[in-house]
Amino acid sequence: MAEPEQRQSAGQRLGAQESLGISTLEHGHRPPAMPPGRRISVRVHMLDDTEEVFEVSQRAPGKVLFDMVCTHLNLIEGDYFGLEFQNQHKMTVWLDLLKPIVKQITRPKNMILRFMVKFFPPDQAQLLEELTRYLFALQIKYDLACGHLTCNESSAALLVSHIVQSEIGDFDEIQSRQHLLYNKYIPEQDALLDKILECHRKHAPSSCFLLRRRPCGNRPVSVSRLSFTLVLCCLQGHTKINAFNWSKVRKLSFKRKRFLIKLRPDLNSACQDTLEFLMASRDCCKVFWKICVEYHAFFRLFEEPKPKPKPVLFTRGSSFRFSGRTQKQVIDYVKDSEFKKIPFESPRLSDSSGASQGLVNGQRQALTPGPSPDGRQPSPLTSPLLNDAGCVRTDDEDELRRKRFPTDKAYFIAKELLTTERTYLKDLEVITSFQSLLEKEEAAPDSLGSMVSANYDPLHKFHADFLKEVEQRLALWEGRSNAHMKGDHQLIGDIMLKNIQGLKQLSAHLQKLSEVLLELERACRASRRLEVLCRDLELQKVCYLPLNVFLLRPLHRLMHYKQLLERLCKHYPATHVDFRDSRAALADVSEMVAQLHGTMIKMENFQKLLELRKDLVGIDNLAAPGREFIRLGCLSKLSAKGLQQRMFFLFNDVLLYTSRGMTASNQFKVHGQLPLYGMTIRESEDEWGVPNSFTLFGQRQSVVVAASSASEMDKWIEDIKMAIDLSEKCNGPSSNPLASGIPPQAKSLEDSALEQESEDDLSASRTSLERQVPHRGNTTVHVCWHRNTSVSMVDFSLAVENQLSGNLLRKFKNSNGWQKLWVVFTNFSLFFYKTHQDNSPLASLPLLGYSVTIPSESENIHKDYVFKLHFKSHVYYFRSESEYSFERWMEVIRSATTSACRTRILSRKESHPY
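Analysis parameters
- Within any chain, residue numbers begin from 1 and follow the written order of that chain's sequence.
- A pLDDT threshold of at least 70 governs which residues receive local features in this predicted model, and a stricter bar of 80 or more applies before side-chain atom pairs are shown or counted, although totals over entire chains, interfaces and linings include all residues.
- As a rule here, side-chain values cover all heavy atoms of the structure and leave hydrogens and water aside.
- Put simply, DSSP marks the helices as runs of H or I at least four residues long and the strands as runs of E at least two long, and each gets a number from the N terminus on.
- Think of it in three bands: with a 1.4 Å probe and only protein chains considered, a residue is buried below 20% of the maximum accessible area for its type, exposed above 50%, and partly exposed in between.
- Throughout, a contact is declared for two residues whenever any of their heavy atoms are within 4.5 Å.
- Computed with a 1.4 Å probe, the accessible areas rest on the Shrake-Rupley method; for each residue, only the protein chains presented here act as cover.
- Here a strand pair is declared whenever DSSP counts at least two bridges between the two strands.
- For helices, the axis comes from a line fit to the C-alpha atoms of the stretch in contact; other axes are also lines fit to C-alpha atoms, and the angle between any two N-to-C directions lies between 0 and 180 degrees.
- Take a side-chain nitrogen of Lys or Arg and a carboxyl oxygen of Asp or Glu: if they are within 4 Å of each other, that pair is a salt bridge.
- In these notes, a set of buried Ala, Val, Leu, Ile, Met, Phe, Trp, Tyr and Cys residues joined through side-chain atoms within 4.5 Å is what counts as a nonpolar core.
- In what follows, roughly perpendicular refers to angles from 65 to 115 degrees, roughly parallel to angles under 35, roughly antiparallel to angles over 145, and oblique to any angle outside these ranges.
- Definitions for this section: a left-handed crossing has its near helix turned counterclockwise from the far helix by less than a right angle. A right-handed crossing has that turn clockwise.
- Note that Gly is not counted as nonpolar here; it falls among the polar residues with everything else outside the nonpolar set of Ala, Val, Leu, Ile, Met, Phe, Trp, Tyr, Cys and Pro and the charged set of Asp, Glu, Lys and Arg.
- Patches draw on residues past 30% relative accessible area with no salt bridge. Two like charges within 9 Å are joined, as are two nonpolar side chains (Val, Leu, Ile, Met, Phe, Trp, Tyr) within 5 Å.
- Only four residue types enter the tally: Lys and Arg on the positive side, Asp and Glu on the negative side, with His and both chain ends excluded.
- In this description, the location of a charge corresponds to atom NZ of lysine, CZ of arginine, CG of aspartate or CD of glutamate.
- Two cysteine sulfur atoms form a disulfide, by the criterion used here, when they sit within 2.5 Å.
- Only rings of Phe, Tyr and Trp enter the pairing, Trp through its six-membered ring, and a pair is recorded when the two centres are within 6.5 Å. The plane angle decides the type: under 30 degrees is stacked, over 60 is edge-to-face, the rest tilted.
- Criterion for a charge above a ring: Lys NZ or Arg CZ within 6 Å of the ring centre, and within 35 degrees of the ring normal.
- What qualifies as a polar contact is a pair of N or O atoms within 3.5 Å, subject to a donor-acceptor requirement within protein and to the restriction that residues adjacent in sequence count only when both atoms come from side chains.
- Scored from 0 to 100, pLDDT records how confident the predictor is in each individual residue.

Visitor: Pulling in residues and values, what's your account of the overall build of the protein?
Guide: When helices and strands are tallied, the protein shows 27 helices and 29 strands. A total of 914 residues make up the protein; the buried ones form 51% of that total. Across the protein, the fraction of contacts at a sequence separation of at least 24, relative to all contacts at a separation of at least 6, is 64%. With an accessible surface of roughly 44,400 Å², the protein has 50% of that area assigned to carbon and sulfur atoms.

Below, the structure is given as structure tokens:
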């Protein structure tokens, strides 16, 4: 007698490689072993209305059953789903993955679990697999039919029209109307028939079923209407009456029938700190609390929370915790998975059985699923996860890419020119947007608008044409079909020479940029409306730097051209065909830089004074003629209350010390100013017993301060001594003393030791960067405050020279996947974009205080050209495409994480010393 043929999975029938498809296990691991004990049969109702039976041990935890369901479906993103059932109290709850099944389901023979969507992401693009999206579509169809999905008539009609489109195809009035008469998708479908048909008529041919459901967590729980994903919402009936962002929620708890939400203190909100909701019963309250805990953990945490140690004697509160991977871990895992993927052909939403067709190696094949052991047809969902979206490059693809593209260093220099030119043109577009805003709002004098237009429009047009020319040359150089061929297209010096000569014709516009900056400052002082307009523009994501920085970008770009051409000429031998043009272009751009050098140094200092003025409260004339910024940073000031963190600002005539206040924009309040004329400085670690401390002896008062390290102390002492020498060379005290509202008691030694600081100021000094008010919350001053470091004008000037753009692969410490991002380095920060076409960054990473190194062997980063950024417990890995780009990224990032020596900047400023 022949042995019965073993049943194949749909993936095997399609010819796919074996895929574990287990959502809660790391790649390459098998499902957990089945615990010993009596086997029980558990029925699970799938989203396509089929029913499957699974044999599990009664002692097995819920995770074993859930993994079996995910394996059956070949589902990778299973963490978005869960198993739902009614407990002994007739309440619908989720199967706990950590508890034994027998403790949750008392009568498994009579119980049917439902496989349902548990977590709805705020954006459908976060679902990387096609099968996952299909299951979400089935869930929406089910919720519409049962009335669980609350929406208005227009949204309901639109959703039903998408379902109809997916099931019968493009609009045909007779067919669509007849289909709706025989198939009910929503309870009140007859009243919306005409609206559904109208929506179906408007759909593009062959459009797919889009997920339009807003995330909601109030389905089958009979409680006060509360829903949540990234926010916790309170509803009365179907009307939202309040919403609390998860970042504002400090604690969620319940006590009997009362559900409690404790919020973080907010001075700008009239809402009380603790809100209380009365629910139908304690069990109902606990069920909802569990849902909240799981939603918060899944969407907000980076990794699964670790279990708390069990108490020895007494327990207090619930031991429930979220089990499984977070959304971030799921996304990283799917992107990094190495499953061989082939297209997934989703069946009609109305089909639950029957044959379907799939694509195998590009050919369409008929699929005839075999019957299941119980005689029923297998679910059409049991198919492999087969979509190319969201995959990262494999090592083989990287190797092919390296073989395909040029390896000459000149090519990578030209590519750096291309990537940085793209960023530079985006920066110029910020100025053109500002110009359009001036014309629209009529908030500035005509002279300012015409000055901006007359000088920046020609520059924008010139660089737009230049970028196109560079893109065309790089496309030929990369070769795509003829990269192995050498020819005139593997040059860049000729394009540089031609365009540098064209840029020389615009020198008059470059020389007037300083006048634009001065005119804007005068206009803002004269017009409150213009000042507000500029501030509002800086609040927009596209304006990722202070507006004044964008105004000086054309001057900075000349230095970048000079550096690129210097590297190119150093690389080429004198006999190279491109050497002569490159050297001529370098001579021309060096001449332009020399002509504009003095203006650029003055404007950089003026721009920095204007920026600092926004961060300070109590100073009116900071940007006075002759004043130059030298250093800012954190020092601890010794007073009667001990060491207190203060932010110090050093100029060529005065030293200010401040503390961060609780203003709406997190500005720094000036506590005192120390004139430098006649000041002396002395190290005083032995005198006060405070490490890295020194004393500043002024004509009227003395201050004892301490740095965070010996190197920080050396930097401050060096710069203060230099500033004292400069003030003495200016023949006496400054002719422009700072006008301020500083109280008199802050200016004397005795009273300054007794200065008071509120608890609000102290708590504000310890808040994280993420909790600050968005406006002016991530400036260099605030980063120095939080990371207890300092920055000098030397560092700012070098940061202007060291700017870089390009694609990098980023990986977090605890993730497996590499995410490709467009990265811009400027102003001591990395700004992350999805692609170079994006107008605004997704996020930023200030680098002050970070260290840049190469990963060690123990970190298991077995990739080429990887560097590591770390600060305390924060670790990021970045992977570049070539040795040249790796060295460049390391070079520019080190310039932001390591302070430069003063001799380098003095050599840069020989023609215009302090």
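Next, the rest of the story.
Visitor: Please set out the sheet that holds strand S5 (residues 112-117) residue by residue, giving values where relevant.
Guide: Two modes of strand pairing occur in sheets, parallel and antiparallel, and in both the strands are linked by backbone hydrogen bonds. On the basis of which strands lie adjacent, the open sheet formed by 5 strands has the order S2-S1-S5-S3-S4 and mixed pairing. Every interior strand has two partners, whereas the edge strands, strand S2 (51-57) and strand S4 (92-94), have only one. Across the sheet, the mean angle separating the axes of adjacent strands is 35° when strand polarity is ignored. Here strand S1 (residues 39-45) pairs with S5 via 3 bridges, running parallel.

Visitor: Could you give me a rundown of the pattern of salt bridges, with the residues and numbers involved?
Guide: Scanning the model with the defined rule gives 35 salt bridges in all. Notably, a salt bridge pairs arginine 325 with aspartate 79, separated by 3.2 Å at the nearest N-O pair. Highlighted residues: arginine 325 in the loop between helix H8 (282-300) and helix H9 (327-336) and aspartate 79 in the loop between helix H2 (62-73) and strand S3 (81-86), separated in sequence by 246 residues. A single burial state applies to arginine 325 and to aspartate 79, both of which are buried. Across the pair arginine 631 and aspartate 719 runs a salt bridge whose closest N-O atoms are separated by 2.6 Å. With arginine 631 in strand S15 (residues 629-639) and aspartate 719 in helix H21 (residues 710-729), this pair connects stretches of sequence that are 88 residues apart. By relative accessible area, aspartate 719 is classed as buried at 1%. Connected through salt bridges with shared partners, the residues Glu416, Arg567, Arg888 and Glu891 form a single ionic network.

Visitor: Talk me through the environment of leucine 135; I want residue IDs and the actual numbers.
Guide: Counting through the fold element by element, leucine 135 comes out in helix H4 (residues 130-146). As for leucine 135 and methionine 116, which are separated by 19 residues in sequence, their C-alpha atoms are 8.7 Å apart.

Visitor: Break down the environment of cysteine 292 for me, citing the residues and quoting the values.
Guide: With respect to the helices and strands, the residue cysteine 292 is situated in helix H8. As a C-alpha pair, cysteine 292 and leucine 252 span 40 residues in sequence and 8.0 Å in three-dimensional space.

Visitor: Now, about unusual backbone geometry: what can you tell me, with residues and values included?
Guide: Here the phi dihedral of asparagine 692 falls at roughly 55°; this positive angle occurs in a residue that is not glycine. Mapping asparagine 692 onto the fold places it in the loop between helix H20 (685-688) and strand S20 (693-697). By relative accessible area, which is 16% here, asparagine 692 ends up buried.

Visitor: Account for the nonpolar core, with residues named and values stated.
Guide: Note on soluble globular proteins: their nonpolar side chains tend to be buried together. Core analysis: the largest hydrophobic core is formed by 79 residues, its most contacted members being Leu520, Leu530, Leu558 and Tyr561. Ranked by residue count, the leading element in this core is helix H11 (residues 409-441), at 14 residues. Residue contacts for leucine 520: discarding those within four places in its chain leaves Phe434, Leu448, Leu530, Cys534, Leu547, Asn548 and Leu551. Listed in part, the 66 residues of the second largest apolar core include Leu131, Leu252, Phe277 and Phe298.

Visitor: Break down the packing of helix H12 (residues 446-478) against helix H15 (residues 513-526) for me, with residues and values.
Guide: Two elements in contact, H12 and H15, have axes whose closest approach is 10 Å; the angle formed by their N-to-C orientations is 150°. On the basis of the axis angle, H12 is roughly antiparallel to H15. Between H12 and H15 lies a crossing of left-handed hand. Taking contact as the criterion, the partners of Ser447, Leu448, Met451, Val452, Asn455, Tyr456 and Leu459 in H12 are, on H15, Leu513, Glu515, Val516, Glu519, Leu520 and Ala523. Of the residues assigned to the contact of H12 with H15, the class counts are 9 nonpolar, 2 polar and 2 charged.

Visitor: Got a sec to walk through a negative patch on the surface? Specific residues and values, please.
Guide: A surface patch of like charges, here negative, comprises Glu683, Glu685, Asp686, Asp714 and Glu718. Inspection of the secondary structure assignment puts glutamate 683 in strand S19 (residues 680-683).

Visitor: If you had to explain the pairing of strand S10 (residues 258-263) to someone new, which residues and values would you point to?
Guide: Where strand S9 (residues 249-255) and S10 come together, 6 bridges link them in antiparallel fashion. Across the sheet, the residue bridging to valine 249 is leucine 263, located in S10.

Visitor: Help me get a handle on the pairing of strand S29 (residues 874-879), residues and values and all.
Guide: Where burial is concerned, most of S29 is hidden: 5 out of the 6 residues are buried. Where strand S23 (residues 804-812) meets S29, 4 bridges bridge the pair, whose relative direction is antiparallel. Paired with arginine 810 across the bridge in S29 is phenylalanine 878. The loop that links strand S28 (residues 866-871) with its antiparallel partner S29 comprises 2 residues; one of these, lysine 872, has a positive phi angle of about 55°.

Visitor: Give me the state of the cysteines: which residues, what numbers.
Guide: Throughout the structure, instances matching the rule amount to 0 disulfides. Here cysteine 284 is not disulfide-linked; the sulfur of cysteine 285 is the nearest cysteine sulfur, at 7.3 Å. In this structure cysteine 284 comes out as buried when scored by relative accessible area, which is 3%.

Visitor: Can you explain the side chain of asparagine 548? Please cite residues and give values.
Guide: Position of asparagine 548 among the secondary structure elements: in helix H17 (residues 547-551). Here asparagine 548 is in contact with Leu517, Leu520, Gln607 and Leu610, once residues within four sequence places are set aside.

Visitor: So, the packing of aromatic side chains: which residues are in play, and what are the values?
Guide: In total, this model carries 29 aromatic pairs according to the counting rule given. Aromatic pair phenylalanine 648 and tryptophan 716: ring centres 6.5 Å apart, planes at 70°, arrangement edge-to-face. On the criterion of sequence distance, the pair formed by phenylalanine 648 in strand S16 (residues 642-651) and tryptophan 716 in helix H21 is long-range, its members being 68 residues apart. Residue classification places phenylalanine 648 among the buried positions, given a relative accessible area of 1%. Taking 6.4 Å as the distance between ring centres and 45° as the angle between the ring planes, the aromatic pair formed by phenylalanine 867 and phenylalanine 886 counts as tilted. Taken as a pair, phenylalanine 867 in strand S28 and phenylalanine 886 in helix H26 (residues 883-897) lie far apart in primary sequence, 19 residues in all. Members of the aromatic cluster, connected to one another through ring pairs, are Phe66, Tyr80, Phe81, Phe115, Phe119, Phe120, Phe136, Tyr295 and Phe298. Residue placement shows lysine 608 over the ring face of phenylalanine 796; its charged tip is 3.6 Å from the ring centre.

Visitor: Now, about helix H25 (residues 793-801): what can you tell me, with residues and values included?
Guide: Each α-helix turn comprises 3.6 residues. Residues three or four places apart therefore point the same way. Counted residue by residue, H25 has 9 buried out of 9 residues, so it is predominantly covered. Near the N-terminus of H25, the side chain that reaches the backbone nitrogen of valine 794, with its oxygen 3.2 Å away, is that of serine 792.

Visitor: How would you explain the sheet that holds strand S24 (residues 819-826) if you had to name every residue and give the values?
Guide: The sheet built from 7 strands is open, its strands ordered S26-S25-S24-S23-S29-S28-S27 with antiparallel pairing. The open sheet has two edge strands with one neighbour each: strand S26 (843-846) and strand S27 (851-853). Here the average twist between neighbouring strands, direction ignored, is 35°. Relative to strand S25 (residues 829-833), S24 runs antiparallel, the two being bridged by 5 bridges. In the strand pairing of S25, valine 824 is matched with phenylalanine 831.

Visitor: So what about the confidence of the model for the protein? Which residues, and what values?
Guide: Low pLDDT means the predicted coordinates in that region are not meant to be read closely. Across the protein, the average pLDDT comes to 76, with 73% of residues at or above 70. Looking over the protein, one finds the lowest element-wise mean pLDDT in strand S12 (residues 356-360), namely 33, and the highest in helix H18 (residues 553-571), namely 94. In this model, residues 338-344 is a region of pLDDT below 50 whose contacts with residues beyond four sequence positions or in other chains number 26 contacts. Counting interchain partners and residues more than four positions distant, the pLDDT-below-50 stretch residues 350-397 has 106 contacts.

Visitor: Go over a positive patch on the surface, please, and point to the residues and values.
Guide: Taken together, the side chains of Arg250, Lys251, Arg264 and Arg300 present a region of like positive charge at the surface. Note on lysine 251: relative accessible area 43%, which makes it partly exposed.

Visitor: Give a description of the environment of phenylalanine 277 that names residues and reports values.
Guide: Within the secondary structure layout, phenylalanine 277 lies in strand S11 (residues 274-278). The class of phenylalanine 277 is buried, set by a relative accessible area of 13%. For phenylalanine 277 and arginine 258, which are 19 residues apart along the polypeptide, the C-alpha to C-alpha distance reads 5.6 Å.

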